[in-house]
Amino acid sequence: MPTVEDLLSTALYTIEPWASVRRAGAVMEYHGIGSLAVIDEEGKLVGIITSRDIKGSHPNRLVADAMSRQVITINPSASLWEAHHLMVTHNLERLVVMEGQQVIGIITGTKVMAELGKYVDSLTNLHKAEILYERAVQLLTKGCEISVIFLDLDDFGRLNKQYGHVHGDHILVRTAQILKGLTVEGRDTLCRYGGDEFAVLTPQSLAAAEGLAREMVKAVQGEKWSLPIHITLSAGIAGGRRVDGMDTVRDLKELAEKLVNQASLASTTAKRLKVPVMVANTDRLPERRPPTGVEG
Amino acid sequence: MTPREILSSPEPSRKAELVIKLSEFEIPPTQDILLVGRKAPIGPEAARRMVDAVSPEQYEIISLDHEIFEAIVVKKSLLTLLPKDKLLPVVIEEGNRIADANMVIKAQVNISVQVSRTVDL
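Predicted, not measured: the structure shown is a model, and the values here were computed from it.

Participant: Can you walk me through the packing of helix H6 (residues 129-141) of chain A against helix H10 (residues 249-273) of chain A in this structure?
Facilitator: Residue and element names in this part refer to chain A. Between H6 and H10, the shortest axis-to-axis distance is 9 Å and the interhelical angle comes to 120°. You can see that H6 and H10 cross each other, and the crossing is right-handed. For the pair H6 and H10, contact is made by Leu132, Tyr133, Ala136, Val137, Leu140 and Thr141 and by Val249, Leu252, Lys253, Leu255, Ala256, Glu257 and Val260, respectively. Residues that form the contact of H6 with H10 fall into these classes: 10 nonpolar, 1 polar and 2 charged.

Participant: I would appreciate a short explanation of the sheet that holds strand S3 (residues 45-50) of chain A in the present structure.
Facilitator: Strand pairs in the sheet, formed through backbone hydrogen bonds, run parallel or antiparallel to each other. All names here are of chain A. Pairing in this open sheet of 3 strands is mixed, and the strands run S1-S2-S3 from one edge to the other. Whereas interior strands pair on both sides, the edge strands pair on one side only; in this sheet they are strand S1 (14-15) and S3. Examined bridge by bridge, strand S2 (residues 35-39) and S3 share 5 bridges and lie antiparallel to one another. When the bridges of S3 are listed, Ala37 appears paired with Ile48. Packed on one face of the sheet, helix H1 (residues 21-31) meets S1, S2 and S3 and runs near 130° to S2.

Participant: Help me out: how do you make sense of the interface of chain B and chain A in this one?
Facilitator: Often, the extent of an interface is quoted as the loss of accessible area on bringing the components together. Tallying the contact residues gives 13 residues for chain B and 9 residues for chain A. Three residues, B:Pro41, B:Glu45 and B:Arg49, lead the burial of chain B against chain A; their summed loss comes to 60% of the area buried on that side. Along the contact surface separating chain B from chain A lie 2 salt bridges. Between A:Arg69 and B:Glu45 there is a salt bridge, with the nearest N and O atoms lying 3.5 Å from each other.

Participant: Could you clarify how one ought to interpret the pattern of salt bridges in this entry?
Facilitator: It is possible for side chains bearing opposite charge to pair when their charged atoms get close. What the rule picks out here adds up to 17 salt bridges over all chains. Ionic pairing is found between A:Glu115 and A:Lys118, a salt bridge with its closest N-O pair at 3.0 Å. It is possible to trace a salt-bridge network through shared partners that takes in A:Arg69, B:Glu45 and B:Arg48.

Participant: Teacher, can you tell me more about the confidence of the model for chain B here?
Facilitator: Any residue range with low pLDDT should be treated as having predicted coordinates unsuitable for detailed reading. All names here are of chain B. Mean pLDDT over chain B works out to 89, with 93% of the residues at or above the 70 mark. Per-element averaging of pLDDT across chain B places helix H1 (residues 3-8) at the bottom with 59 and strand S3 (residues 69-75) at the top with 95. Interface scoring of the predicted complex returns ipTM 0.71; its pTM is 0.65.

Participant: Before we go on, may I ask you to explain the packing of aromatic side chains in this structure?
Facilitator: Geometrically, a pair of aromatic rings is defined through the distance of the ring centres and the angle of the planes. All names here are of chain A. Per the counting criterion, the structure on display carries 2 aromatic pairs over all chains. With a centroid separation of 6.5 Å and 70° between ring planes, the pair formed by Tyr133 and Tyr193 is classed as edge-to-face. In this pair, Tyr133 sits in helix H6 while Tyr193 sits in strand S8 (residues 189-194), placing the two residues 60 residues apart along the sequence. For Tyr133, a relative accessible area of 11% puts it in the buried group. Taking 5.3 Å as the distance between ring centres and 65° as the angle between the ring planes, the aromatic pair formed by Phe150 and Tyr193 counts as edge-to-face. Remark: Tyr193 occurs in strand S8 and Phe150 occurs in strand S7 (residues 146-153); sequence separation between them is 43 residues. Residue Phe150 is classed as buried on the basis of its relative accessible area, which comes to 4%. Aromatic rings pair up to connect Tyr133, Phe150 and Tyr193 into one cluster.

Participant: Quick question: what am I supposed to make of the confidence of the model for chain A here?
Facilitator: Residue and element names in this part refer to chain A. Looking at chain A, the pLDDT average stands at 88 and 94% of residues meet or exceed 70. Long-range and interchain partners of residues 282-288, a stretch whose pLDDT sits below 50, account for 14 contacts in this model, where long-range means more than four residues apart. Long-range and interchain partners of residues 292-296, a stretch whose pLDDT sits below 50, account for 14 contacts in this model, where long-range means more than four residues apart.

Participant: Before we go on, may I ask you to explain helix H7 (residues 156-163) of chain A in this structure?
Facilitator: Since one α-helical turn is 3.6 residues long, residues separated by three or four positions face the same way. Here H7(A) has its buried residues at A:Phe156, A:Leu159 and A:Asn160. Buried residues along H7(A) cover an arc of 100° about the axis, so they all sit on one side.

Participant: Help me out: how do you make sense of unusual backbone geometry in this one?
Facilitator: Apart from glycine, the bulk of residues carry a negative phi angle, and the bulk of peptide bonds sit in the trans form. Residue and element names in this part refer to chain A. The backbone of Asn91 shows a phi angle near 55°, a positive value even though the residue is not glycine. Residue classification places Asn91 among the exposed positions, given a relative accessible area of 70%. Although it is not a glycine, Lys274 sits at a positive phi angle of roughly 55°. Mapped onto the secondary structure, Lys274 falls in the loop between H10 and strand S12 (277-279). Lys274 gets classed as exposed once you look at its relative accessible area, which sits at 52%.

Participant: Could you clarify how one ought to interpret the side chain of B:Gln31 in this entry?
Facilitator: Mapped onto the elements, B:Gln31 comes out in the loop between H1 and strand S1 (33-37). Ignoring sequence-local partners within four residues, the contact set of B:Gln31 consists of B:Glu26, B:Tyr59, B:Lys75, B:Lys106 and B:Gln108.

Participant: What am I meant to see in a nonpolar patch on the surface here?
Facilitator: All names here are of chain B. Taken together, Leu18, Ile20 and Leu22 make up a surface patch of nonpolar side chains, about 420 Å² in accessible area. Its place among the elements puts Ile20 in the loop between H1 and S1. According to the relative accessible area criterion, Ile20 is exposed, its value standing at 61%.

Analysis parameters
Residues numbered from 1 in each chain as written. Chains lettered and ligands numbered in written order. Predicted model: local features only at pLDDT ≥ 70, side-chain atom pairs only at ≥ 80, totals over all residues. Heavy atoms only, no water. Axes fitted to C-alpha atoms, helices over the stretch in contact; angles between N-to-C directions. Helix = DSSP H or I, 4+ residues; strand = E, 2+ residues; numbered from the N terminus. Left-handed = near helix turned anticlockwise from the far one by under 90°. Contact = heavy atoms within 4.5 Å. Nonpolar A, V, L, I, M, F, W, Y, C, P; charged D, E, K, R; others polar. Pairing = 2+ DSSP bridges. Buried area = accessible area lost by both parts, 1.4 Å probe. Salt bridge = Lys/Arg side-chain N within 4 Å of Asp/Glu carboxyl O. pLDDT = per-residue confidence, 0-100. Phe/Tyr/Trp six-rings, centres within 6.5 Å; stacked < 30°, edge-to-face > 60°. Buried < 20%, exposed > 50% of the residue type's maximum accessible area, 1.4 Å probe, protein only. Arc of directions from axis to C-beta. Patch = residues over 30% accessible without salt bridge, like charges linked within 9 Å, V, L, I, M, F, W, Y side chains within 5 Å. Areas by Shrake-Rupley, 256 points an atom, 1.4 Å probe, with all protein chains shown as cover.

Below you can see the structure in the form of structure tokens.
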């Protein structure tokens with residue numbers, strides 16, 4: 001997933017605080033942009049002026065009298081999620097991107113949202129797998145313990161063939177809603193991993209993740225579907241944390257991938273053994289679940 | 001009037017009357033107080049540059065949390081006669097009666113302090 005820096009255009013347009021609002025407007029119009037970073041004689045960032053500020057100000061005013069002095073800045077290496085979070089928190093449409101004391105660009109909410117939209121699954125509105133990996137790396141960087149729950153619908157291919165893909169899509173959407181209802185916003189990251197597979201990243205212990213997985217399996221199993229079917233899930237869980245020597249994002253990404261893979265294999269084992277939840281690298285065999293699949 | 005008569009009429013006379021008013025330009029033109037409207041052609045920073053350029057350190061610029069006015073520029077010497085919390089609310093209240101956010105209001109303020117004291121004989 002790109003960072004803030006990847007979305008920056010190469011040209012940076014600035015204006016001095018003692019220029020007129022009329023001039024700022026002309027500069028923006030000429031370059032087809034919606035804001036200018038305001039830099040003083042010493043090269044220091046003192047504000048930001050946007051097309052909205054210009055509309056609300058007399059053209060004779062100084063930029064210093066029309067600009068916003070509360071400038072929220074972001075590091076170029078920050079993730080787009082951080083940028084989005086800052087914009088939402090401060091109700092901003094633009095962030096100034098600074099490397100040390102130097103302004104290197106401005107990033108807009110429209111650009112951030114357009115990019116983030118690429119990582120949202122259009123059917124279920126859940127994140128795509130890339131987001132889960134990114135969040136995993138963030139948490140591992142902070143030294144957090146993470147757990148991954150991998151969830152796979154049982155016999156979904158058969159359901160699709162028997163009832164058609166429209167009903168199959170409905171099952172996926174409803175399953176996504178059920179799973180989302182059990183996750184905690186801001187703590188857990190739920191994604192549609194692909195096809196009929198979902199994954200949850202949580203900064204909780206393996207035991208807590210196992211509890212969450214069981215709740216999810218139970219909730220989906222207890223759902224009343226419009227078709228005469230029982231839908232069940234097989235869940236695999238894996239957990240871990242950063243260890244000494246893992247300093248690069250690449251190392252941490254590899255660890256996250258390893259955990260997802262272990263969880264995925266555990267869910268396959270759970271499916272094979274006909275148990276609802278399986279924790280990777282353990283020989284615990286939870287209780288068997290009732291028969292699943294198509295009724296009568 | 002026939003066309004011939006029109007042609008023979010004299011040209012109208014044109015006169016210009018020049019009125020000149022001479023008075024001293026006061027520096028700065030701010031005098032005592034300026035109330036700066038939120039949408040006025042000049043803002044607080046422009047006012048600061050103006051008074052600092054012509055009368056350095058003689059004026060104070062105070063930002064206001066007010067619906068119409070964004071800031072008030074006040075001559076510091078006035079504040080030695082009357083504290084800020086006594087002077088400014090009165091000026092703002094009166095400015096509010098006549099101004100809108102597009103205006104910069106100039107206020108001339110004369111303060112006379114009346115003192116009456118009795119002493120024991």
